[in-house]
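# Architecture at a glance
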Amino acid sequence: MEKLFTAQELAEILNLSVETVWRYTRQKKIPTIELGEKQYRYDKAAVLAALAGGNLSVKEDGSVYAKQGNYTYEDYLQLPEEPGCRFEIMEGFLIKEPSPSLQHQRLSRELGRRLMTFFEENDPEGELFFAPLDITLSNSNVVQPDILFISGARREIMRQERIDGACDLVVEIMSPTNRRKDRLQKMKIYRKAGIPHYWILDPEENTLETFKFNDGSYTLVFAGGPGDEFNHPDFPGLDLDLDRVFFRPRGG
């Protein structure tokens, strides 16, 4: 059986952008093999034949980037899944990132476990979720926080396929590819949406920073890491053992 290619691999072979491959896929101008909902593979020979027969250029036409700044939630829903990647829309710009690292997942697991215990005792009607889960803050801002909490008082923002509105708490775990995005761009978007609490974990620096929305801006409430005692006035009794949260196994 001939090797099947992902959209990323096909884009590299044809010297196209991945967005152009997706556009041709959506427009059914190239043949695809559908593995599941929005999961596609491509037969190179079949694609080349379709491009030749359909008189489509295999050089980048440049117009694909004109969309940047104008992406909407409707456009986002049309994106095929790309294994190993996840997507967000921030102020109309499509953002593509690789899947999280092992240490990223450890942090998410350990912090999530402690938050879940706390909220089960203090707000049992609320729910804690983990990425990937779409949060639509506007038609041009579709994000996937690493961890998010919705209180029992805000359950009306939950939809079957997404969260439609501001959560009570969002947590982002930084990586080398998204440090500026989480600290500047996402903070601005979350501030505009009025999200009450925004937390940032930095696996490289082993730090947790918690920000609280107040009078239209975020104020730093706590900053610390292993060896520090977590204390937050809005989360009394939350037992965050930061030594355990940031624990990295030997060789990990």
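Note: the structure precedes this text.
This text gives an overview of the structure that appears in the document. (Residues numbered from 1 in each chain as written. Predicted model: local features only at pLDDT ≥ 70, side-chain atom pairs only at ≥ 80, totals over all residues. Heavy atoms only, no water.)

### Considerations on the packing of aromatic side chains
Each aromatic ring pair is characterised by the separation of its centres together with the angle its planes make. Put simply, the rule is: When the centres of two rings from Phe, Tyr and Trp lie within 6.5 Å, Trp using its six-membered ring, the rings pair. Their planes under 30 degrees apart give stacked, over 60 give edge-to-face, and anything left gives tilted. For helices the rule is a DSSP run of H or I covering at least 4 residues; for strands it is a run of E covering at least 2, with both sets numbered from the N terminus onward. Summary of the burial criterion: residues with accessible area below 20% of their type's maximum are buried, those above 50% are exposed, and those between are partly exposed, where the area comes from a 1.4 Å probe applied to protein chains only. In this scheme, the term charge over a ring applies when either NZ of a lysine or CZ of an arginine sits within 6 Å of the ring centre and within 35 degrees of the ring normal.
Across all of its chains, the model carries 12 aromatic pairs by this definition. Plain terms: the ring middles of W22 and F87 are 5.0 Å apart, the flat faces sit at 75° to each other, and that makes the pair edge-to-face. Of the two residues, W22 sits in helix α2 (residues 18-26) while F87 sits in strand β4 (residues 85-90), which places them 65 residues apart along the sequence. Look at F87 and you get buried, because its relative accessible area is 8%. Measuring from ring centre to ring centre gives 5.9 Å for F213 and Y218, while their planes differ by 75°; the resulting arrangement is edge-to-face. One aromatic cluster is present, built from ring pairs that chain together F118, F119, F149, W199, F222, F230 and F235. Above the ring of F5, the side-chain terminus of K3 is found at 5.0 Å from the ring centroid. Lying across the ring of F247, R244 places its NZ or CZ 4.9 Å from the centre.

### As for the environment of N214
Structurally, N214 is set in strand β12 (residues 207-214). Look at N214 and you get partly exposed, because its relative accessible area is 42%. Separated by 23 residues in the primary sequence, N214 and R191 have C-alpha atoms spaced 9.4 Å apart.

### Comments concerning the side chain of E209
How we decide: Distance and chemistry together define a polar contact, namely a pair of N or O atoms within 3.5 Å, with one atom able to donate a hydrogen and the other to accept it when in protein, and with adjacent residues in sequence counting only for side-chain atoms on both sides. Whether two residues are in contact is decided by their heavy atoms, any of which lying within 4.5 Å being enough.
Relative to the helices and strands, E209 is located in strand β12. Of note is the side chain of E209, whose polar atom sits 2.6 Å from the side chain of R183. Setting aside its immediate chain neighbours within four residues, E209 contacts R183, Y198, W199, I200, L220, F222 and A223.

### Describing α2
For α2, a buried count of seven out of nine residues is recorded, marking the element as mostly surrounded by other parts of the structure. Those residues of α2 lying buried are V18, T20, V21, W22, R23, Y24 and T25.

### Considerations on the sheet that holds strand β6 (residues 127-130)
Rules: Being paired, for any two strands, means DSSP has found at least two bridges between them. Convention adopted: a line fitted to C-alpha atoms gives each axis, helices being fitted over their contacting stretch, and angles between N-to-C directions are expressed from 0 to 180 degrees.
With mixed pairing, the six strands of this open sheet are ordered in space as β6-β9-β10-β11-β12-β13. Looking at strand neighbours, the two that pair on one side only are β6 and β13 (217-224), the edges of this open sheet. Averaged over neighbouring strand pairs, the angle between their axes works out to 15° when direction is ignored. Where β12 lies against β13, seven bridges are found, and the strand directions are antiparallel. When the bridges of β13 are listed, L208 appears paired with G224. Sitting on the sheet, helix α5 (residues 102-122) is in contact with β6, β9 (147-150), β10 (169-173) and β11 (197-202), with an inclination near 175° to β6. Docked against the sheet, helix α6 (residues 179-193) engages β10, β11, β12 and β13, running at close to 175° with respect to β11.

### Comments concerning α5
Short version of the rule: What a helix is expected to span follows from its residue count: subtract one and scale by 1.5 Å.
End to end, α5 covers 30 Å across 21 residues, agreeing with the expected 30 Å (1.5 Å per residue, within 8%). Looking at α5, one finds that the buried residues are Q103, H104, R106, L107, S108, E110, L111, G112, R114, L115, F118 and F119.

### Description of unusual backbone geometry
With an omega of 5°, the peptide bond between A131 and P132 qualifies as cis. Tracing the chain through its elements places P132 in the loop between β6 and β7 (135-138). The phi angle at N206 is positive, at roughly 55°, despite the residue not being glycine. One can find N206 in the loop between β11 and β12. A residue is classified by how much of its surface remains accessible, and N206, at 29% relative accessible area, is partly exposed. Positive phi, close to 55°, is recorded for D215, a residue that is not glycine. Relative to the helices and strands, D215 resides in the loop between β12 and β13. Here D215 falls in the exposed class, since its relative accessible area comes to 74%.

### What to know about the pattern of salt bridges
Under the convention used in this document: Here, a salt bridge means any side-chain nitrogen of Lys or Arg that lies within 4 Å of a carboxyl oxygen of Asp or Glu.
Evaluated as defined, the whole model comprises 15 salt bridges. Of the charged contacts, one joins R109 and E110 as a salt bridge, the two residues approaching to 3.2 Å between their closest N and O atoms. Taking relative accessible area as the criterion, R109 reaches 44% and is therefore assigned partly exposed. According to the relative accessible area criterion, E110 is buried, its value standing at 3%. A salt bridge links D168 to R154, with the nearest nitrogen and oxygen atoms 3.3 Å apart.

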